[in-house]
Amino acid sequence: MTEPLVVLKDVNKHFGDLHVLRDIDLEIGKGEVVVVIGPSGSGKSTLCRAINRLETIESGTITIDGKPLPQEGKELAQLRADVGMVFQSFNLFAHKTILDNVTLGPIKVRKEKKAAAEKRAMELLERVGVQQQAQKYPAQLSGGQQQRVAIARSLAMNPKVMLFDEPTSALDPEMINEVLDVMVGLARDGMTMVVVTHEMGFARKAANRVVFMADGQIVEQDTPEEFFTNAKSERAKDFLGKILTH
Amino acid sequence: MGDIFSNYDVLGAFWWTIKLSFFGGLGALVLGTIAAIMRVSPVAVMRFIGSAYVNIFRNTPLTLLMVLSVLGVTYILGVTLADDINQNALRWAMVVLAVYHGAFVCEALRSGVNTVPAGQAEAARAVGLTFGQSMREVILPQAFRGSIAPLGSVLIALIKNTTVAAVIVQAEAAGLMQRIIEFEGGSFLIFAIFALGFVVLTMPLGILFTSMSRRLAVKR
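Think of each chain on its own: its residues are numbered from 1, step by step along the sequence as written. Chains and ligands are labelled sequentially in the order written, the chains with letters from A and the ligands with numbers from 1. Residue-level local features of this predicted model are given only where pLDDT is at least 70; pairs of side-chain atoms are given and counted only at 80 or more, and the full residue set underlies all totals for whole chains, interfaces and linings. Computation of side-chain values: all heavy atoms of the structure, hydrogens and water removed.

1. What about the UniProt feature "domain: ABC transporter" (unreviewed entry) in chain A?
UniProt positions are given in the numbering used here, feature names are shortened, and annotations may be inferred rather than shown by experiment. This chain's UniProt record puts "domain: ABC transporter" (unreviewed entry) on residues 6-240 of chain A. For residues 6-240 of chain A, the helix share is 38%, the strand share is 26%, and the end-to-end C-alpha distance is 27 Å. Runs of H or I in DSSP of at least four residues are treated as helices and runs of E of at least two as strands, each being numbered from the N terminus.

2. Overview of the packing of helix α2 (residues 10-40) of chain B against helix α10 (residues 188-215) of chain B
Residue and element names in this part refer to chain B. At a closest axis distance of 11 Å, the pairing of α2 and α10 adopts a crossing angle of 40 degrees. In terms of their interaxial angle, α2 and α10 are classed as oblique. For the crossing formed where α2 meets α10, the hand is right-handed. Counted together, Val-10, Phe-14, Thr-17 and Ile-18 of α2 and Ile-193, Phe-194, Gly-197, Phe-198 and Leu-201 of α10 form the full contact between these two elements. Axis lines are fitted to C-alpha atoms, over the contacting stretch for helices. Their N-to-C directions set the angle, which ranges from 0 to 180 degrees. An angle counts as roughly parallel when it lies under 35 degrees, as roughly antiparallel when it exceeds 145, as roughly perpendicular when it falls between 65 and 115, and as oblique in every other case. By definition, any crossing whose near helix is turned counterclockwise from its far helix by less than a right angle is left-handed, and any crossing with a clockwise turn is right-handed. Throughout, a residue-residue contact means that at least one pair of heavy atoms, one from each residue, lies within 4.5 Å.

3. Let's talk about the sheet that holds strand β5 (residues 67-68) of chain A
Residue and element names in this part refer to chain A. Sheet architecture is open: four strands sit in the order β2-β1-β4-β5, paired in antiparallel fashion. With partners counted over all chains shown, the strands left at the sheet margins are β2 (18-29) and β5, one partner each. Any two strands between which DSSP finds at least two bridges are classified as paired. Bridge count for strand β1 (residues 4-15) against strand β4 (residues 59-64) is five bridges, and the pairing is antiparallel. Across the sheet, the residue bridging to Asn-12 is Ser-59, located in β4.

4. Things to note about the UniProt feature "domain: ABC transmembrane type-1" (unreviewed entry) in chain B
The feature "domain: ABC transmembrane type-1" (unreviewed entry), as given by UniProt, occupies residues 14-209 of chain B in the numbering adopted here. Taken end to end, residues 14-209 of chain B is 83% helix and 0% strand, and its two terminal C-alpha atoms sit 22 Å from one another.

5. Here we look at the interface of chain A and chain B
In this complex, chain A contributes 25 residues to the contact, which on the side of chain B involves 20 residues. Buried area, as used here, totals the accessible surface that two parts lose on assembly, with accessibility defined by a 1.4 Å probe and the loss added over both. Overall, the association of chain A and chain B removes approximately 1,900 Å² of surface from exposure, summing both partners, and the carbon and sulfur fraction of that is 62%. Three residues, Phe93(A), Ala94(A) and His95(A), lead the burial of chain A against chain B; their summed loss comes to 28% of the area buried on that side. Salt bridge, as used here: a side-chain nitrogen of Lys or Arg that lies within 4 Å of a carboxyl oxygen of Asp or Glu. Summed over the shared surface of chain A and chain B, the result is four salt bridges. Across the salt bridge formed by Arg49(A) and Glu122(B), the nearest N and O atoms sit 2.5 Å from each other. Definition of a polar contact: a pair of N or O atoms within 3.5 Å, with one able to donate and the other able to accept a hydrogen when the atoms are protein atoms, and with sequence-neighbouring residues admitted only if both atoms are side-chain atoms. Joining chain A to chain B, the criterion identifies eight residue pairs in polar contact (both at pLDDT 80 or more). Looking at the side of chain A that touches chain B, the elements that each hand over two or more residues are α2 (74-81), β6 (83-86) and α3 (98-108) of chain A.

In structure tokens form, the structure reads like this:
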């Protein structure tokens, strides 16, 4: 593995009685693509959201590029600017045009000039294939288009790492591939990515490592070939048996 | 009817009503927005101050606040906003209208904030916006659009509530109406003139706000 960019150590969190993250230890190297899979309620989304502190943790440490996650405030905002996040429900700013969605961060957080931010935003929109929609509002776009805009919005901040929290789970089947194609492209370009997903095809094609979670624990982690063909734990075999038979 | 208009400055009185409404409304919007931000802020002390403000002023009769401002704050504590007695009372009336209705503006806005999905705030934070920036750029613009209709109701109530200022000032419409009734005797005509005056002020506002709430609604 290359030098670690994101390091989680002994991370624990409860939701009431539910121990949603149990002693999580995970290192993600620069340029690495880690796919997190597991049954619903296994804590994989919480893990992903904890990395940019959208979820707080109770004990343990999370560091990004050597720096521990700060408390809520300006410093945390700066750190989040370096961590891209793509949500299941897209969460594009509903009252702003597609172009303004992409330029908001660069202008307000990075203090870029409007013209420069717009030029780069158009390049990114072209890269994800929605440059024609730049002046429209999010509600006028299909789910797949919205999610690609959300990816462009994250990329506009030049993030060190990108988090994907089930990016295709809210999409119609025919739109899933257009989003996955963009993500595969990013992976090829060397972006560090943490992807929570149910898309096993993506995991096989783009992941360096698959992390399997169940009941708040990391049960097993391995390369995609090894994991999908030769899972070691019973829990993972059971899970794969259920999803790969159809 | 001609007598009333030639002997009394009815339009001038309504002009004062408009001024009270305008400055009271402006103040209420500013105070209400600040209070609403406090009520949704992550800092517990801010939330406490915000909700204390709302609960105190929403639950106090406006008449009582008006009387308190002049009898209590000016006469007993000696705080004046102008040297002239009438000016002082008018300015206090504006302040009281702003403070009182600010509590209602706050609640209208807060209900607007609740119409903004949590994902919007999460996305704003994930992009690296600070709390203030995500309020300004993402949450409040959508919250205002989501609360235009209730904000309209608050402003209409404020215009009509300027009549309560008649307990401390004479210049605005309700004060003049009292004087006319005192000197001319009450009549249906006098009542109708003043009622019509208020309808002229409030009805277009209501129509404007309804159409705005439809036009500016955030599509999701």
